[in-house]
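Descriptive structure summary
Below are the chains, spelled out letter by letter.
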Amino acid sequence: MDLQLADKVVMVTGAASNIGRAITLGFAREGARIVLGDIDVPQAETVASQAMTLGAASTEVVGCDVTRLDQVQAMFRRAVDRFGTVDVLVNNVGWDQLMFFTQTTPEFWEKIIQVNFVGVLNCTHAALGVMAPKNRGAIVSISSDASRQGEPREAVYGGMKAAINSFMKTIAKENGRNGIRCNVVCPGVTLPEDDEEVGTRSMWLNKDSMFTPEQLEKITRALPLKKVGRPRDIANAVLFLASDAVAGHVTGQVLSVSGGYSMVG
Ligand SMILES: NC(=O)c1ccc[n+]([C@@H]2O[C@H](COP(=O)([O-])OP(=O)(O)OC[C@H]3O[C@@H](n4cnc5c(N)ncnc54)[C@H](O)[C@@H]3O)[C@@H](O)[C@H]2O)c1
């Protein structure tokens, strides 16, 4: 299937690690021009050179904290200066630390809100400013299955991911007339296959602080497909939704890629 993503200008936030890395390498295999935005610049440079090896047409690494609108606007200016436009935005940055709500603090809530939701607002606002005048574009935001059903120890994170689902549907309705499609992918537990896939700012740096081996085994047993996700599973769904050639009539959708963890009718 030809996704017709060659030479498309694709911006991936949080491109340096795990899922964002796999998304970047997926677009690289399709021959896209890729802007890698991350706070972890050295690791993003490593992923960019892997992307070039796999067939990316070009790469541009931009140090950018998505919670800072000025930095996000500067990242878009850099993309437009170098490539003339941004065809696809992948809002991939996210962060969590698993704790029961009663153990969390207002400072923790604020960080979760900023990184998981305000970052998406900043990047989407900047993207629409570039895409709307061109009458085309695709935005794919990475949410979580924690947004679709209550998930213990992920209260604020799940709430912010649910906010993304709703926000993207509204943006899809407001911008369909401008030829812009907006969709959401909800991963379930998605583990790196190798330590080298994890950036220095990744929430997976210490995997055991997220799940003990026993918890992971229990999670895996409960999944209909009996296996956790891998980053390329998420990347495949993102590439599909980003492609006008194959998903040109798909907008405002929330797709779980989670081994069947949640099934929404
Ligand atoms: N891995 C999973 O099990 C899982 C499950 C559900 C949802 N998700 C979502 O998938 C996305 C990717 O998760 P992951 O597992 O690859 O995470 P990760 O922590 O491995 O990678 C996140 C990347 O974002 C970067 N980053 C963090 N804060 C940033 C900021 N403020 N500005 C710019 N860059 C920043 C980090 O440097 C890192 O490169 C996130 O939105 C996450 O919430 C992941």
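Everything that follows concerns the structure shown earlier in this document.
How each quantity is defined
Residues numbered from 1 in each chain as written. Predicted model: local features only at pLDDT ≥ 70, side-chain atom pairs only at ≥ 80, totals over all residues. Core = buried A, V, L, I, M, F, W, Y, C linked by C-beta atoms within 7 Å. Buried ≥ 20, exposed ≤ 12 C-beta atoms within 10 Å, placed from the backbone. Helix = DSSP H or I, 4+ residues; strand = E, 2+ residues; numbered from the N terminus. Contact = placed C-beta atoms within 7 Å. Expected span 1.5 Å × (residues − 1). Pairing = 2+ DSSP bridges. Right-handed = clockwise from strand over helix to strand, strands pointing away. Near = placed C-beta within 6 Å. Nonpolar A, V, L, I, M, F, W, Y, C, P; charged D, E, K, R; others polar. Axes fitted to C-alpha atoms, helices over the stretch in contact; angles between N-to-C directions. Parallel < 35°, antiparallel > 145°, perpendicular 65-115°, else oblique. Left-handed = near helix turned anticlockwise from the far one by under 90°.

What follows covers the nonpolar core. By size, the foremost hydrophobic cluster in this structure holds 69 residues, and its most contacted members are V10, I34, L36 and V238. Here this core gets nine residues from one element, more than from any other, and that element is helix α4 (residues 106–134). Setting aside its immediate chain neighbours within four residues, V10 contacts F27, A32, I34, D87, V88, V90 and A242.

The end-to-end C-alpha distance of helix α8 (residues 231–242) is 16 Å, a good match for the 16 Å that twelve residues give at a rise of 1.5 Å each. The set of residues buried in α8 consists of P231, I234, A235, A237, V238, L239, L241 and A242.

What follows concerns the pairing of strand β6 (residues 180–187). For β6, the tally of buried residues reaches eight of eight residues, placing the bulk of the element in the interior. Along β6, one buried face is formed by I180, C182, V184 and C186 and the opposite face, lined by R181, N183, V185 and P187, is buried too. Bridging between strand β5 (residues 137–142) and β6 involves six bridges; their strand directions are parallel. By the bridge assignment, S141 is partnered in β6 with V184. Assessed by its sense of winding, the connection that carries the chain from β5 through helix α5 (residues 155–175) to β6 is right-handed. Relative to strand β7 (residues 254–257), β6 runs parallel, the two being bridged by four bridges. Bridge pairing in β7 links P187 to V257.

Here G188 shows up in the loop between β6 and α6 (207–210). Non-local contacts of G188, meaning those with residues more than four positions away in its chain, are made with D145, G229, S258, G259 and Y261.

Looking now at the site of the ligand. With respect to spatial proximity, 31 residues lie near the ligand, and among them G14, N18, G94, R201 and S202 are the closest. Secondary-structure elements contributing two or more residues to the shell around the ligand are α1 (18–29) and α4. A per-element tally of the shell around the ligand places α1 first, with three residues. For the shell around the ligand, the per-class residue count stands at 14 nonpolar, 13 polar and four charged.

Attention now moves to the packing of α1 against helix α2 (residues 41–54). When two helices pack together, their arrangement is given by the angle between their axes and by how far apart the axes lie. One way to put it is that α1 packs onto α2 with a least axis distance of 8 Å and a crossing angle of 25 degrees. By the angle between their axes, α1 is roughly parallel relative to α2. Between α1 and α2 lies a crossing of right-handed hand. Between α1 and α2, the contacting residues are R21, T24, L25, A28 and R29 on the first element and V47, Q50, A51 and L54 on the second. The residue inventory of the contact of α1 with α2, partitioned by class, reads five nonpolar, two polar and two charged.

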